[in-house]
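Secondary and tertiary structure notes
Chain by chain, the residues:
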Number of protein chains: 2
Amino acid sequence: MLCIVFEILYVHLKNAHRNWSDFWMSVSLNRSYNLPLNLAGRAFVLSFFFFFFTDVFDEIKCIHLSLFLEEERRMSHMGFRCLEISRWVICGLIGILTGLIACFIDIMVEKLAGCKYQVIKENIEKFTEVGGLSISLILWAVLNCAFVLVGGIMVAYIEPIAAGSGIPQIKCYLNGVKIPRVVRLKTLLVKVLGVICSVAGGLAVGKEGPMIHSGAVVAAGVSQGRSTSLKRDFKMFEYFRRDTEKRDFVSAGAAAGVSAAFGAPVGGVLFSLEEGASFWNQMLTWRIFFASMISTFTLNFFLSIYHGKPGDLSNPGLINFGRFESDSVAYYYYELPLFMGMGAIGKVYLGVALHMKMSKFNVSVCVRYVHRPCLQVMEALLVAAVTATVSFTMIYFSNDCQPLGPEHNEEYPLQLFCADGEYNSMATAFFNTPERSVRSLFHNQPGSYNPLTLGLFTLTYFFLACWTYGLAVSAGVFIPSLLIGAAWGRLCGILLIWADPGKYALIGAAAQLGGIVRMTLSLTVIMVEATGNVTYGLPIMLVLMTAKIVGDYFQEGLYDIHIKLQSVPFLHWEAPATSHWLTAREVMSSPVTCFNRIEKVGTIVDVLSNTSTNHNGFPVVVQVLDSDEPAKLCGLILRSQLIVLLKHKVFVELARSRLSQRKLQLKDFRDAYPRFPPIQSIHVSQDERECMMDLTEFMNATPYTVPQDTSLPRVFKLFRALGLRHLVVVDDENRVIGLVTRKDLARYHLGKHGLEELQLAQT
Amino acid sequence: MLCIVFEILYVHLKNAHRNWSDFWMSVSLNRSYNLPLNLAGRAFVLSFFFFFFTDVFDEIKCIHLSLFLEEERRMSHMGFRCLEISRWVICGLIGILTGLIACFIDIMVEKLAGCKYQVIKENIEKFTEVGGLSISLILWAVLNCAFVLVGGIMVAYIEPIAAGSGIPQIKCYLNGVKIPRVVRLKTLLVKVLGVICSVAGGLAVGKEGPMIHSGAVVAAGVSQGRSTSLKRDFKMFEYFRRDTEKRDFVSAGAAAGVSAAFGAPVGGVLFSLEEGASFWNQMLTWRIFFASMISTFTLNFFLSIYHGKPGDLSNPGLINFGRFESDSVAYYYYELPLFMGMGAIGKVYLGVALHMKMSKFNVSVCVRYVHRPCLQVMEALLVAAVTATVSFTMIYFSNDCQPLGPEHNEEYPLQLFCADGEYNSMATAFFNTPERSVRSLFHNQPGSYNPLTLGLFTLTYFFLACWTYGLAVSAGVFIPSLLIGAAWGRLCGILLIWADPGKYALIGAAAQLGGIVRMTLSLTVIMVEATGNVTYGLPIMLVLMTAKIVGDYFQEGLYDIHIKLQSVPFLHWEAPATSHWLTAREVMSSPVTCFNRIEKVGTIVDVLSNTSTNHNGFPVVVQVLDSDEPAKLCGLILRSQLIVLLKHKVFVELARSRLSQRKLQLKDFRDAYPRFPPIQSIHVSQDERECMMDLTEFMNATPYTVPQDTSLPRVFKLFRALGLRHLVVVDDENRVIGLVTRKDLARYHLGKHGLEELQLAQT
């Protein structure tokens, strides 16, 4: 049977590669704009979009727009203090809202899944006696499909970007690559409702990943003090309507999401730092920490009320691993190599998984029905039905009966064909939300599962999880990984006889998750915080380090693969090691379109409309009259700023004729942020084209520059540390030679055979 | 009595201020070089030294010295992989050595203090019956003094920089300010032996702070692959002989130190990041994490063998808070405001403490015996004797007898005048190493202490700790703070009747420590890891945040005060908020001494010898012949590089005459690092003065530059993010206008009334 599966996968993989290039070409030929695209299709168009307007978005440097500088110079000490306080207030709000969302998701899932399992359980009990369990199976499948149908339709038709966990998108966002619509209100709604449906629908998915995305959306919304979708502007927090500030808040939101998901506030902060930040700023870190803390606390507070134990704050996250009592399950140093071995196994095991997932990803997403949301929904339904069927079959054929203890923790113990007072052990793993299954794998008494059950469960759940990953539903990959890891970890523990299986389940879960997401520091802290016990800190660390080292030797983590597939200009931590021989001269784009300090409106409109000048930043120069020499740099102006200027018709001639005209203010730029209109929507008459525009006041007068001999690692460091998007390359005389953008840097990549230049889509 | 104390303090404070300025003048008049100085005196001379040669040390940018660049260009992919592996190996070694040192300190302290308390206990028991307890007192005082004498002599006469915890010094080092001798082998030896003596000598100090310093020294030593003190060069790790790399390893060492001290590997990493790093690099963080992990593990492994329980790894740090069982002491949300109140109290309480400490610091260090190490030793002895006397008196007059339970945890229960089967409760606090006292405050049964005992203990210990701080002994401030906090926290817990006192002791300890050191994220993690229970995460966070917010409103943390007192050019996280109106033009030093690309040796020697050209970096320019215009920038060269060039006589003429002369290699720079000879030691003959030196090959050909209108926050960010030491300010034509150094930036400071310019020592 396994052979057949692999055979199918292999064929798919081949198809994938072929169709991949087809799709690629279709993108390159620019036809795909007109297609109704599904999630990944859209992602591809977006990635294409990135390369078309590599740096279409506002940027950190706009902080140095003269107007901003002027405002900041005018601001008093008190003003800065108020800003600082608003930042804390916003972080508090982010925490509270994220916590509430987590609370809502948790309660809804619990309610819906509870009803579902209760109905099915009663049905199974009824039909176990009289025969005709196939009706129970159908009931189960139908219920699953119903939930998944709702979730799938929302994702596929309303907001395809809400599919998956959203973590790769947030990673890109924090890296400085903006993906359109990723932090909108609609995305949040679809995400939240979608994840409730997916989890209640019994898919092999978790609700933790989407929490991170939700937190980020909340942060992006709250910090701007307005909702563009709802067309409401609260006239608050206007100072924060720029990319740097927004990004800081989004990291706080992501951290609050992690914190709510796992009850791990420190882990959340570390996640944000590990995945996003580059410049470690103490104050920012504290604010992120504050948001995380509030988020866990809010969730905790409301859940404790919901569970009827107000005031008991010991249940801080969506997933709760349950408490590991340290005394009963201490570890010994001779177990450490074993744990590390498990880490390595986790990875080796995962090599297959990832390959499958990649192929799966390619196959299901790019090839089969790139144009058809309805087919996506169908696939989701199919997976839901198959999941129910497989689960049912496994439970049906399992003969692993365990005595029902007096203090049993199982929520829905299925007796099925077991003797009275016993329950079906396979059902505790399958007939449950994944969170509960993980907990029972960690905590059930030794002997609750027999090895065959665990082995079968691991395999089937693994294939289900792989198939589920990449579906157009809103769902995370954390919990399935944990569950698979816990299952084979517990299996290891049982096979080792002397060992406590719960402990090995925990280690297995860590290994599996570490192998997939490749975080070490933050994941260690998250696991430690979720288990509520620091004793396991050291073994978890060792396992994660091993999984990471072994894993990185073979391939990148899941999120990185995801990001790479989308060809996003993602900047890693450091320039490739062997890139020292490259200099800015080789890397830069040249020639660059420059503007004069006082430029004709017609020229500006032409340049902005011309799709072949694909930059977002334009150096402003002073031309020496009657000379062919390249002009001297005097500033840098952004596409978005030019558009605002054009929209408000800030022309020299008009200013002269209409003296009373109100001066363009910072507010105009902020109101336009972040959805600047396209140049096509701005009408410029033929007369106006002859006018002149004075850019002096609006440009960034002190852009960062480098000499042309600067080495690539140095340029890279400047970009990464300062969050740049454009770097002007100048010669000895301060004349513009070229421009380095993210795309120019992201192109270089360290492959197996030294430095490789990625073939990026060229216009 | 309190009034008297305050009176004395006030007088001291006044004296301090007067004498402070005297001392300041003596420093300014440059007389103090000849004095045999004590710790802080030396620190002052050092700080003076900083301003004299503000940036006398090698710098991050030297990575861009052409020779380095050339080496890196020649290096293969494999070469970089080997480097990466050596980095991991070094981090492993750092972890192991730091763990071993921690283990050594712990075992020595336990042995010595154990013997001491055993002897005194027997003596007290003997004399309780027959009378004449004064003999016991004298014995106690003499034993204390003996230990402190050894420690004090070592610190005062051998290596004064080893005094205190060393954390401010390490903070400065990681910030980029190097303090001479701080990472030398001799410092390590004195520090380790000194801390053993101080703790065994019964002073109100801890052994945790010094561990951080020790870890840093180990890291600095191991990573260089040689010991300059021992004159051994292992010819290893030569690539790492530069500031950037060394600093990275030192952060790993500091983290390993924290990790060994508190059994908190994650806390260690966060400490390093919070106190040191600015650019968050994922790989670096993982290496730091690895070092921390190995360090805890090593300590754990050897301690478990020492304690006769090999394989039991549940004792990971020097200080062990003992295990808090979560079920017994859960907290309720209505307690949270209480906790936060305690955080605030911790701070208010601390306002006094810090004032006292500051005055104490000024008084004892600057005024009374700035010239006399022997007086320093005397003061240490006095404190040791007074500590013993006060402790004894407190125990003697205490009538808080508690029944000796069957499973009592007290190591040395003193019966004294209590009935048989009872012990003196005051003695558990005083007659013990501080670590054990903390643990008994956390864990002893409710009712083990009566409120009066705790109140008295808090007050006396507080005064003792304040007096002890600033003594010329090697000792940390963590444990005394924890102990004081635990005492008043437990007192709060007792007064609240319904509450569990142990829990409140923990919160009090967190509040006190947080108020003093002002770390939030790292301290939370450290506390959580040390208690071994995540349940307390949230309340500890809240307490620390409150302590931090309340505290910062009044004054900076202890370490920052310490650093500020030494007038070190320490760069904070961000430029002062209201400094936007300042530009590079106002901030920079001007005019700058520049060199020509081919410069006369005589000129170079003169410039380097001239003490009024106090810079370490010199722009290299191309002079347009027969023109008065400022010359165009073409590079930057460092004092240290020039000295190496002069030493090897790399003159144009000599190269021509001696064709066979070996070319200057990178190795020559590395061998000289980090102790470059002073210019005075290099002999240049009159003939040689007429030679020319070609700097082209050795200068950094692409130095970072900014236009003169760049705002201060932007210059600051560039400095902080890239770890710069020099930034050349140029005009439109790329001509050198000025030079910005750390000192220029560190000068600006946000005071109560807006931006203040610190009066720094001017030559």
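Sequence order as written defines the numbering, with residues in each chain counted from 1. Lettering for chains starts from A, numbering for ligands starts from 1, and both go in the order in which the items are written. For this predicted model, a pLDDT threshold of at least 70 governs which residues receive local features, and a threshold of 80 or more governs which side-chain atom pairs are given and counted, while totals over whole chains, interfaces and linings are taken from all residues. Note that water and hydrogens are dropped before the side-chain values are worked out from all heavy atoms of the structure.

Per an unreviewed UniProt entry, chain A goes by the name Chloride channel protein and belongs to Oreochromis niloticus. According to its UniProt record, chain A has this under Sequence similarities (unreviewed entry): "Belongs to the chloride channel (TC 2.A.49) family." UniProt positions are given in the numbering used here, feature names are shortened, and annotations may be inferred rather than shown by experiment. Under the Subcellular location (unreviewed entry) heading, UniProt states for chain A: "Membrane".

**Things to note about the pattern of salt bridges**
For salt bridges, the criterion is a side-chain nitrogen of Lys or Arg within 4 Å of an Asp or Glu carboxyl oxygen. Inspection of every chain in the model, using the stated rule, returns 28 salt bridges over all chains. Put simply, Asp709 of chain B and Arg585 of chain B hold a salt bridge, and the shortest N to O gap is 2.6 Å. Placement of Asp709 of chain B in the loop between strand S10 (705-707) and helix H28 (712-722) and of Arg585 of chain B in helix H22 (residues 584-587) is noted, with a sequence separation of 124 residues between them. One connected set of salt bridges, linked through shared partners, spans Glu84, Arg87, Glu245 and Arg287 of chain A. The way it works is that DSSP assigns letters per residue, a run of H or I at least four long becomes a helix, a run of E at least two long becomes a strand, and they are numbered from the N terminus.

**Description of the packing of helix H4 (residues 77-130) of chain A against helix H7 (residues 185-200) of chain A**
Residues and elements named next belong to chain A. Helix axes are fitted only over the stretch in contact, all axes being lines through C-alpha atoms; the angle between N-to-C directions runs from 0 to 180 degrees. Remark: H4 packs on H7, axes separated minimally by 8 Å, with the N-to-C direction vectors making an angle of 30°. Relative to H7, H4 is oriented roughly parallel. H4 and H7 meet at a crossing whose hand is right-handed. Along its contact with H4, which presents Ile101, Phe104, Ile105, Met108, Val109, Leu112, Ala113 and Lys116, the element H7 presents Leu188, Val192, Leu193, Val195, Ile196, Val199 and Ala200. Under the scheme applied, nonpolar residues are Ala, Val, Leu, Ile, Met, Phe, Trp, Tyr, Cys and Pro; charged residues are Asp, Glu, Lys and Arg; polar residues are all the others, including Gly. Class assignment of the residues belonging to the contact of H4 with H7 gives a composition of 14 nonpolar, no polar and one charged. Relative orientations are named as follows: roughly parallel for angles under 35 degrees, roughly antiparallel for angles over 145 degrees, roughly perpendicular for angles from 65 to 115 degrees, and oblique for any other angle. Two helices cross in a left-handed way if the nearer one is turned anticlockwise from the farther one by less than a right angle. They cross in a right-handed way if the turn is clockwise. When checking whether two residues touch, look at their non-hydrogen atoms; a contact exists if any pair is within 4.5 Å.

**Some points on helix H17 (residues 478-495) of chain B**
Residue and element names in this part refer to chain B. Helix length check: H17 (18 residues) gives 26 Å between terminal C-alpha atoms against 26 Å at 1.5 Å per residue, within 8%. Summarising burial for H17: 15 of the 18 residues are buried, a large majority. At the exit of H17 stands Ile497, carrying a positive phi of roughly 50°. Multiplying 1.5 Å by the residue count of a helix minus one yields the expected span of that helix. Only protein chains enter the accessibility calculation, which uses a 1.4 Å probe; a residue is then buried when its area is under 20% of its type maximum, exposed when over 50%, and partly exposed in between.

**Things to note about the packing of helix H16 (residues 451-468) of chain A against helix H17 (residues 478-495) of chain A**
All names here are of chain A. As a packed pair, H16 and H17 sit with axes 9 Å apart at the nearest point and diverge in direction by 155°. Classified by the angle between their axes, H16 and H17 sit roughly antiparallel to one another. Between H16 and H17 the crossing geometry is left-handed. For the pair H16 and H17, contact is made by Pro451, Leu454, Gly455, Phe457, Thr458, Tyr461, Phe462 and Ala465 and by Pro480, Leu483, Ile484, Ala487, Trp488, Arg490, Leu491 and Ile494, respectively. Grouping the amino acids of the contact of H16 with H17 by side-chain chemistry returns 13 nonpolar, two polar and one charged.

**With respect to the nonpolar core**
Side-chain atoms within 4.5 Å are what join buried Ala, Val, Leu, Ile, Met, Phe, Trp, Tyr and Cys residues into a set we call a nonpolar core. Ile395 and Met527 of chain A together with Ile395 and Met527 of chain B are the most contacted members of the largest nonpolar core, which totals 315 residues. In this structure, Leu727, Val729 and Ala746 of chain A together with Phe716 of chain B belong to the second largest nonpolar core, which totals 44 residues.

**Details of the sheet that holds strand S8 (residues 632-638) of chain B**
All names here are of chain B. Strands pair, by our definition, only if DSSP identifies at least two bridges between them. Spatial strand order, S5-S7-S8: three strands in an open sheet with mixed pairing. At either end of the open sheet lies a strand with only one pairing partner, and these are strand S5 (595-596) and S8. Pairing between S5 and strand S7 (residues 617-622): two bridges, direction parallel. Counted as the bridge partner of Phe595 is Val620 from S7. Against the sheet, helix H24 (residues 639-647) contacts S5, S7 and S8, and its axis sits at roughly 75° relative to S8.

**Brief notes about the side chain of Thr187 of chain A**
Residue and element names in this part refer to chain A. On the secondary structure map, Thr187 appears in helix H7. Counting of polar contacts relies on pairs of N or O atoms within 3.5 Å, with two restrictions inside protein: one atom must be capable of donating a hydrogen and the other of accepting it, and residues adjacent in sequence are counted only when both atoms are side-chain atoms. Of note is the side chain of Thr187, whose polar atom sits 2.6 Å from the backbone oxygen of Arg181. The residues touching Thr187, leaving out its near neighbours within four places in the chain, are Glu159, Ile161, Ala162, Arg181, Val182 and His213.

**What to know about the pairing of S8 of chain B**
Residue and element names in this part refer to chain B. Among the seven residues of S8, seven are classified as buried, and the element is accordingly described as predominantly covered. The pairing of S7 with S8 spans six bridges and is classified as antiparallel. Each residue of the ladder has a partner; that of Val621, found in S8, is Leu633.

**A few points about helix H15 (residues 434-443) of chain A**
In an α-helix there are 3.6 residues to a turn, and that puts residues three or four apart on one side. Burial of H15 of chain A is extensive: seven of the ten residues sit out of reach of the surface. Of all the positions in H15 of chain A, only Pro434, Glu435, Ser437, Val438, Ser440, Leu441 and Phe442 of chain A are classed as buried.

**Re the packing of aromatic side chains**
Pairing of aromatic rings covers Phe, Tyr and Trp, the last through its six-membered ring, and needs centres within 6.5 Å; plane angles under 30 degrees mean stacked, over 60 mean edge-to-face, and all others mean tilted. Summed over all chains, the structure comprises 30 aromatic pairs over all chains. A ring pair is formed by Phe297 of chain B and Phe301 of chain B, whose centres lie 6.2 Å apart and whose planes are at 25°; its orientation type is stacked. On the criterion of helical spacing, the pair formed by Phe297 of chain B and Phe301 of chain B is a turn pair, its members being four residues apart in helix H11 (residues 282-306). The partly exposed category is assigned to Phe297 of chain B, whose relative accessible area is 23%. Phe301 of chain B gets classed as partly exposed once you look at its relative accessible area, which sits at 24%. Each ring, one from Phe301 of chain B and one from Phe302 of chain B, has its centre 5.4 Å from the other, and the planes form 90°; the classification is edge-to-face. Put simply, the rings of Tyr117, Trp140, Phe392, Tyr396, Phe397 and Phe431 of chain A touch in pairs and so form one group of aromatic residues. As a reminder, the over-ring test applies to NZ of lysine and CZ of arginine, requiring each to be within 6 Å of the ring centre and within 35 degrees of the ring normal. The lysine or arginine in question, Arg714 of chain A, covers the ring of Tyr704 of chain B, its NZ or CZ lying 4.2 Å from the ring centre.

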